[in-house]
Amino acid sequence: MPKTELRNPRSTHIDRMDTRSMLELINDENLNAVRAVGAALPEIARAADAIAASFENGGRLFYIGAGTSGRLAVIDAAECPPTYGVAPELVQAILAGGPACMTRASEAAEDDGDEGVRDLLAREPRAGDVLVGISASGSARYVTQAVAKARALGLVTVSLTCAEGSALSRAADINILTDTGPEVVTGSTRMKAGTAQKLVLNMLSTAAMVKTGKVYENLMINLKPSNEKLRRRMISIVQEIADVDEAAAISRLDAAQWNIRAAVE
């Protein structure tokens with residue numbers, strides 16, 4: 001049985017705790033997610049380097065997951081275009097049960113391995129792309145069978161799990177293990193396990209984007225002026241890099257058709 005399914009002795013009597021004590025326990029356990037990610041940094045770095053190399057050679061990044069794991073993947077993929085100015089096709093998330101499962105659970109979807117393969121193939125993956133399979137227990141057949149298929153097709157495959165020696169980790173080229181231990185509420189992997197997954201996904205996409213030139217110093221230089229907040233941020237970035245006032249920054253951006261790179265050259 002994976003650790004994520006074991007009972008946590010610290011929370012055995014959580015139903016008798018006062019609210020403050022309950023929250024302190026949850027917070028303390030959340031720190032284990034951060035520690036687990038820290039222990040996995042060497043493999044996270046391998047995966048990030050593989051993703052960056054894929055991007056540089058015209059490849060794409062796919063995430064695949066079910067339940068919480070899949071929803072976290074959708075969040076990370078959806079944030080890449082507005083943050084880094086990339087096409088939506090560059091980072092794609094495949095969620096068991098489809099888009100409707102972003103707002104309602106369909107727990108049986110994780111058991112359908114054939115559907116996972118079909119959903120992957122619908123994206124027309126090709127050799128050189130990267131697939132990150134995400135499953136806290138590492139046992140979701142929807143994810144595991146898709147990863148095995150991707151590996152056979154020549155994709156670089158990555159597993160992100162909280163369970164050592166899982167079926168998913170055996171199916172992948174690179175294995176990221178975040179050993180977060182038993183949850184405060186037994187089996188509720190939306191808690192520590194989900195927190196660790198979110199942290200890792202942030203690292204993978206951020207590191208790959210930085211390594212492929214989407215960031216200058218620590219500034220997002222590929223932004224698009226799709227709303228007022230991003231427009232103001234673009235003006236601020238040009239002011240910072242070019243050392244000009246607001247009016248000059250706007251003038252530069254207007255002349256460069258709101259392309260930060262061109263505006264600061």
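Residues numbered from 1 in each chain as written. Predicted model: local features only at pLDDT ≥ 70, side-chain atom pairs only at ≥ 80, totals over all residues. Heavy atoms only, no water.

Chemist: Could you clarify how one ought to interpret the pairing of strand β4 (residues 156–161) in this entry?
Modeler: Two faces, one strand: in a regular strand the side chains alternate between the faces of the sheet. Of all six residues in β4, five are buried; the element is thus mostly enclosed. Bridge count between strand β3 (residues 130–134) and β4: five bridges; the pairing is parallel. From the neighbouring strand, isoleucine 134 faces β4, where its bridge partner is leucine 160. Crossover connection from β3 via helix α5 (residues 141–152) to parallel β4: handedness right-handed. (Buried < 20%, exposed > 50% of the residue type's maximum accessible area, 1.4 Å probe, protein only. Helix = DSSP H or I, 4+ residues; strand = E, 2+ residues; numbered from the N terminus. Pairing = 2+ DSSP bridges. Right-handed = clockwise from strand over helix to strand, strands pointing away.)

Chemist: Sorry, what's going on with the pairing of strand β1 (residues 61–65) here?
Modeler: β1 sits mainly inside the fold: five of its five residues count as buried. Here β1 shows two buried faces, one formed by Leu61, Tyr63 and Gly65 and the other by Phe62 and Ile64. Pairing analysis gives five bridges linking β1 to strand β2 (residues 91–95), with the strands arranged parallel. The residue bridging phenylalanine 62 from the neighbouring strand is glutamine 92, located in β2. Read as a crossover between parallel neighbours, the route from β1 over helix α3 (residues 67–84) to β2 is right-handed. For β1 and β3, the ladder comprises five bridges, and the chain directions are parallel.

Chemist: How should I be thinking about helix α4 (residues 113–121) in this particular structure?
Modeler: Working note: α-helix, 3.6 residues per turn, so residues spaced by three or four point in the same direction. Listing the buried residues of α4 in full gives Gly113, Gly116, Val117, Asp119 and Leu120. Viewed along the axis of α4, the buried residues span an arc of 165°, placing them on a single side of the element. Turning to α4, the residues buried within the fold contact β1, β2, β3 and α5. Backbone nitrogen of aspartate 114 and a side-chain oxygen of the N-cap are separated by 3.3 Å at the start of α4; the cap is aspartate 112. (Arc of directions from axis to C-beta. Contact = heavy atoms within 4.5 Å. Polar contact = N/O pair within 3.5 Å; in protein donor to acceptor, adjacent residues only side chain to side chain.)

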